[in-house]
There are 2 protein chains.
Amino acid sequence: MIIQLDLESDIPIYRQLVNQIIEGIATGLLNPGEQLPSVRSLAADLGINLHTVNKAYTHLKQEGFLQIHRQKGALIQPHSMPQADTPFKHKLMAEVRPLAAEAICRGMNEDAFIAACRAAYSSIHHNKGGTTP
Amino acid sequence: MIIQLDLESDIPIYRQLVNQIIEGIATGLLNPGEQLPSVRSLAADLGINLHTVNKAYTHLKQEGFLQIHRQKGALIQPHSMPQADTPFKHKLMAEVRPLAAEAICRGMNEDAFIAACRAAYSSIHHNKGGTTP
DNA sequence: TATATGTTATATATGTAGCATAACAGTAGG
DNA sequence: CCTACTGTTATGCTACATATATAACATATA
């Protein structure tokens, strides 16, 4: 799993990490039960601080995407990934709404907007082969 | 135009303002050429600082949604709203991708995800009557 | 001229991001 | 038991963003 950070971005480093790990799970590049590097080694690889990686891991653990063992380090959640429950759907709507509003102002019709959303979904999902046992 | 701020939110006040004004334009609640309150009066109404409103107005002006005149105050852009150009489409994709990734992890299939995006779009657009000449 | 507007400047308080360093706690393996 | 590696917690620091408070400036209108 290769992680690309943009230190110039306005998106915090720990959030870039969170996003890319979630994306890795979504694409199947990271599989349930798979081991992640320790906070120290990943931090060293990326040239950032241990606490920044730890912050990302802690977020992912609290959302249920990771399990963390003292000695073993971090694992991708092996059983029962988080579900698309009501709070998540609310969060999803709350984040999509402002984007939709701006798209409408800029004259995108519904089909064009939906096409963009579908493209974003497909660009992640098309990699996910059915190789899980 | 009624503006509702959530001072407990993790979304900055000036960004809540930006979002709600864009949403107002999208719904047709705010029409091109329409006058907005002065930074001082809106700040007083909302119980926030003048600079916070000014920051929101300045953002909207730089993106092309507002015109600002010295004495007259702020106007909704009367001619030629910003277009859905390439930079905007890139920004749109960049913001939708992480949402799509998390949705995939949580087991939402493409139809369910697209349905959510469509719902967000429709909830804003259904108010906008076809009154534009 | 008086007034209301946006604009700019300065200062302050608060919170977040990120880094540096250090120490603590648990677990595996020699 | 001891060592080494893990996550965890704590403290201190810099930098930046948010938001406020005051004040002054520039401009256009009545």
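Each chain has its residues counted from 1, following the order in which its sequence is written. Labels follow written order: the first chain is A, the first ligand is 1, and so on. Only residues with pLDDT of at least 70 get local features here, since the model is predicted, and only at 80 or more are side-chain atom pairs given and counted; chain-wide, interface and lining totals rely on the full set of residues. Only hydrogens and water are set aside; all other atoms, that is, all heavy atoms of the structure, feed into the side-chain values.

- As named in an unreviewed UniProt entry, chain A is GntR family transcriptional regulator, taken from Paenibacillus sambharensis.

## Let's talk about the relation of the copies chain B and chain A
Stage number 1. Here chain B sits on chain A after a turn of 180 degrees about the axis and a move of 0.0 Å along it, with an RMSD of 0.1 Å. Seen this way, the second copy is the image of the first under a two-fold rotation axis.
Stage number 2. Contacts were defined at the residue level, with two residues in contact if any of their heavy atoms lie within 4.5 Å. Mapped onto chain A, 100% of the interface residues of chain B are again interface residues, and the two copies thus contact each other with one and the same surface. A least-squares fit on C-alpha atoms brings the copies together, and the residues used are those whose pLDDT is at least 70 in both copies.

## A closer look at the pairing of strand β2 (residues 73–76) of chain B
All names here are of chain B.
Stage number 1. In this sheet, β2 lies alongside strand β1 (residues 66–69) in antiparallel orientation, the contact comprising four bridges. Bridging across to β2, Ile-68 finds its partner in Ala-74.
Stage number 2. In sequence, β1 turns back onto β2 through a hairpin of three residues. What makes two strands pair is DSSP finding at least two bridges between them. Numbering of helices and strands runs from the N terminus; a helix is a DSSP stretch of H or I covering at least four residues, while a strand is a stretch of E covering at least two.

## Examining the interface of chain B and chain A
Stage number 1. With 44 residues of chain B at the interface, the matching set in chain A holds 44 residues.
Stage number 2. Between chain B and chain A the total buried area reaches about 4,500 Å² when both faces are included, carbon and sulfur atoms providing 70% of it.
Stage number 3. A 1.4 Å probe defines the accessible area here, and the buried area is the portion of it lost by two parts on being joined, summed over both. When the area that chain B buries against chain A is broken down by residue, the three leading residues are Ile-104, Arg-106 and Tyr-121 of chain B, summing to 18%.
Stage number 4. By definition here, a salt bridge exists when the distance from a side-chain nitrogen of Lys or Arg to a carboxyl oxygen of Asp or Glu is within 4 Å. Our enumeration of links across chain B and chain A arrives at seven salt bridges.
Stage number 5. Between Arg-118 of chain B and Glu-110 of chain A there is a salt bridge, and its shortest N-O distance comes to 2.9 Å.
Stage number 6. In the analysis that follows, any N or O atom pair within 3.5 Å is treated as a polar contact, provided that within protein one partner can donate a hydrogen and the other can accept it, and provided that, for residues neighboring in sequence, both atoms belong to side chains. Inspection of the region where chain B meets chain A yields 16 residue pairs in polar contact (both at pLDDT 80 or more).
Stage number 7. Among the elements of the structure, α1 (13–27), α4 (86–105) and α5 (110–125) of chain B are those that each provide at least two residues to the side of chain B that touches chain A.
Stage number 8. Per element, the largest residue contribution to the side of chain B that touches chain A is 15 residues, and it comes from α4 of chain B.
Stage number 9. Throughout this entry, Asp, Glu, Lys and Arg are counted as charged residues, while Ala, Val, Leu, Ile, Met, Phe, Trp, Tyr, Cys and Pro are counted as nonpolar. The remaining residues, Gly among them, count as polar. Residue composition of the side of chain B that touches chain A, by class: 27 nonpolar, six polar and 11 charged.

## A closer look at the packing of helix α2 (residues 39–46) of chain B against helix α3 (residues 50–63) of chain B
Residue and element names in this part refer to chain B.
Stage number 1. All axes here are fitted lines through C-alpha atoms, helices being fitted over the stretch that makes contact, and every angle between N-to-C directions spans 0 to 180 degrees. The interhelical angle for the contact between α2 and α3, taken along N-to-C directions, is 120 degrees, at an axis separation of 8 Å. One way to sum up the angle between α2 and α3 is to call them oblique. The crossing of α2 and α3 is right-handed. Residue-level contacts link Val-39, Arg-40, Leu-42 and Ala-43 of α2 to Leu-50, Val-53, Asn-54 and Tyr-57 of α3.
Stage number 2. A class-by-class count of the residues in the contact of α2 with α3 yields six nonpolar, one polar and one charged. Any angle that is under 35 degrees is reported as roughly parallel, and any over 145 degrees as roughly antiparallel; angles of 65 to 115 degrees are reported as roughly perpendicular and all others as oblique. If you view the pair so one helix is near and one far, a crossing is left-handed when the near helix is turned anticlockwise from the far one by less than a right angle, and right-handed when it is turned clockwise.

## Digging into the domain arrangement of chain A
Stage number 1. The assigned domain composition of chain A is domain 1 (13–76) and domain 2 (86–125).
Stage number 2. An automatic or database domain assignment supplies the residue ranges for each domain. One C-alpha centre belongs to domain 1 of chain A, the other to domain 2 of chain A; they are set 27 Å apart.

## Points about the UniProt feature "domain: HTH gntR-type" (unreviewed entry) in chain A
Stage number 1. UniProt positions are given in the numbering used here, feature names are shortened, and annotations may be inferred rather than shown by experiment. Per the UniProt record, "domain: HTH gntR-type" (unreviewed entry) is annotated on residues 11–79 of chain A.
Stage number 2. Split by type, residues 11–79 of chain A is 54% helix and 12% strand. Its first and last C-alpha atoms lie 30 Å apart.

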